[in-house]
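Residue-level listing of the chains:
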Amino acid sequence: ERLLTEDSTLHLCLACRNMQRAEAARSALLTSHPDAHVQLLHLDVGSVQSVLSAAQEVKTRYSKVDFLYLNAGIMPNPQVDINAFFKGLFSRNVVNMFATGEGLLTQQDRINSDGLQEVFATNLFGHFLLIRELEPLLCQAGHSSRVVWTSSSNARRSAFSMEDMQHRNGTEPYSSSKYASDMLSVALNRHKNSQGLFSSVICPGLVMTNLTYGILPSFFWTLIMPIMWLVRIFTNTFTLTPYNGAEALHRLFLQSPESLDPRAKYHSLTSGLGTNYTQPRQMDIDEEMSEVLYSKLIELEKDVRRKLVMKNSDKNTRG
Ligand SMILES: NC(=O)C1=CN([C@@H]2O[C@H](COP(=O)(O)OP(=O)(O)OC[C@H]3O[C@@H](n4cnc5c(N)ncnc54)[C@H](OP(=O)(O)O)[C@@H]3O)[C@@H](O)[C@H]2O)C=CC1
Ligand SMILES: CC(C)CCC[C@@H](C)[C@H]1CC[C@H]2C3=C(CC[C@]12C)[C@@]1(C)CCC(=O)C[C@@H]1CC3
């Protein structure tokens, strides 16, 4: 919505897994911008086959991609640790607890049909594979392109382990996947800036969406809204609405790639008085670690491609 307000000649492609919702989003955009070019594309970013097919379709439809917003993300079966919440409330860490949710949330992950951990596959690997597939459209001579990851303030180094990058053994797959996306963005910049591809990371703040309604029911969030406005005075990270949460996405669209800090996370923030702004904050990233992650993802990519070829040839011989 905000991008079209900025430039109504944009060609938007909404890549979604649920085509009914995608169609509703397209209709809403066409209501406010009747002449806009809005196309839909089926993409389940958590499925290797779907990512490859969608990328193929993009390559037939478009000759270049200027911006790739990697926004899809999941937090399945979240549990709030009430004891930790009350302990944190009376500690010196209280502001950080509200800003990041550190120590308050655990999730239950599962293995998907590609044999990958679902949170890792959706929040990180599917996006990585999409970038790899779209490289010919993103990296073109004399043209600069942008990849923007929706990360989170919940990304935490201690939740991530290089020996278990899919987070098979822990209870914080969300935090781990978001930290991995921060590292991957840094590595992408190192490998791809020379080819005109620039990667950035944003955090939308705490926004009322289906994700947060999965943590606590929507009526509860509505009930405690006055408390949330109060908390906003201390953290500015309670952006609360999708419009406010999109502030950093919008700001990055307007900023030239050369002026971006590859090691910063751009936070959407809303002040106590309701003013929106974007603030870059340095990420806790080790260059060497991000390089190791990049190599491991390339290896995993080879592996899933090999498995997919075998699966499809099995199907053909049986069918
Ligand atoms: N809400 C918050 O407070 C915060 C959110 N974030 C991040 O913001 C991003 C957007 O989340 P938010 O809007 O809050 O949550 P929602 O659950 O409302 O939206 C998530 C979006 O991702 C899509 N999606 C999920 N899985 C897939 C998939 N496999 N393939 C394609 N699309 C998929 C969903 O599609 P569908 O409609 O089909 O479900 C939906 O459109 C996420 O990356 C999240 O981690 C970060 C910090 C805070
Ligand atoms: C009185 C209320 C404000 C109590 C709410 C307590 C917690 C449920 C929330 C406090 C900080 C929140 C938070 C998130 C989820 C809900 C909280 C833990 C996120 C982890 C949601 C997803 C993200 O990506 C970042 C958010 C950070 C803050």
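Because the structure is predicted, anything quoted here is derived from the model rather than measured.

1. Some details on the overall build of the protein chain
Helices and strands together make up the secondary structure of the protein chain, namely 13 helices and 9 strands. Computed over C-alpha atoms, the radius of gyration of the protein chain comes to 20 Å, within 12% of the 20 Å expected from 2.2 N^0.38 for 319 residues, which places it in the range of a compact globule. On the principal axes, the C-alpha backbone points of the protein chain span a range of 60 × 50 × 40 Å. When the 319 residues of the protein chain are sorted by exposure, 35% land in the buried category. Within the protein chain, contacts between residues at least 6 apart in sequence are counted, and of these 72% link residues at least 24 apart.

2. Regarding unusual backbone geometry
Unlike most non-glycine residues, Asn77 shows phi in positive territory, near 45°. Summarising the element assignment, Asn77 is placed in the loop between strand E3 (67-70) and strand E4 (79-80). One non-glycine residue, Leu240, adopts positive backbone phi at about 70°. One can find Leu240 in the loop between helix H10 (225-235) and helix H11 (242-245).

3. Considering the site of ligand 2
Neighbouring ligand 2 are 17 residues; Gly101, Leu104, Ser152, Asn154 and Leu206 lie closest to it. Looking at the shell around ligand 2 residue by residue, the class counts come to 12 nonpolar, 5 polar and no charged.

4. A short note on the pairing of strand E6 (residues 145-150)
Among the 6 residues that make up E6, 6 are buried, leaving the element largely enclosed by the rest of the structure. By the alternation rule, side chains of E6 split into Ser145, Val147 and Trp149 and Arg146, Val148 and Thr150, which are all buried. By the bridge criterion, 6 bridges tie E6 to strand E7 (residues 197-203) in an arrangement that is parallel. Of the residues in E7, the one forming a bridge with Thr150 is Ile202.

5. Some thoughts on the site of ligand 1
Every one of the 23 residues lining ligand 1 counts as a neighbour, but Ala72, Gly73, Thr209, Asn210 and Leu211 are closest to it. Looking at the shell around ligand 1, the element that brings in the most residues is helix H8 (residues 210-215), giving 3 residues. Split by residue class, the shell around ligand 1 holds 10 nonpolar, 10 polar and 3 charged.

6. So, the UniProt feature "transmembrane region" (unreviewed entry) in the protein chain
Mapped onto the present numbering, the UniProt feature "transmembrane region" (unreviewed entry) falls at residues 211-231. Overall, residues 211-231 shows 86% helix and 0% strand. The separation of its end C-alpha atoms is 20 Å.

7. A word on the sheet that holds E7
In any sheet, the strands associate via hydrogen bonds between backbone groups, in a parallel or an antiparallel arrangement. The strand order across the open sheet formed by 5 strands is E3-E6-E7-E8-E9, and the pairing between neighbours is mixed. Looking at strand neighbours, the two that pair on one side only are E3 and strand E9 (276-282), the edges of this open sheet. Each neighbouring strand pair of the sheet contributes to a mean axis angle of 25°, computed without reference to strand direction. Sheet topology places E7 next to strand E8 (residues 264-270); 3 bridges connect them, and they run parallel. Counted as the bridge partner of Ile202 is Tyr266 from E8. Against the sheet, helix H7 (residues 173-192) contacts E6, E7 and E8, and its axis sits at roughly 160° relative to E7.

So, how was this worked out
- Residues numbered from 1 in each chain as written.
- Chains lettered and ligands numbered in written order.
- Predicted model: local features only at pLDDT ≥ 70, side-chain atom pairs only at ≥ 80, totals over all residues.
- Helix = DSSP H or I, 4+ residues; strand = E, 2+ residues; numbered from the N terminus.
- Rg over C-alpha atoms; globule rule 2.2 N^0.38 Å.
- Buried ≥ 20, exposed ≤ 12 C-beta atoms within 10 Å, placed from the backbone.
- Contact = placed C-beta atoms within 7 Å.
- Near = placed C-beta within 6 Å.
- Nonpolar A, V, L, I, M, F, W, Y, C, P; charged D, E, K, R; others polar.
- Pairing = 2+ DSSP bridges.
- UniProt positions renumbered as here; feature names shortened; annotations may be inferred.
- Axes fitted to C-alpha atoms, helices over the stretch in contact; angles between N-to-C directions.

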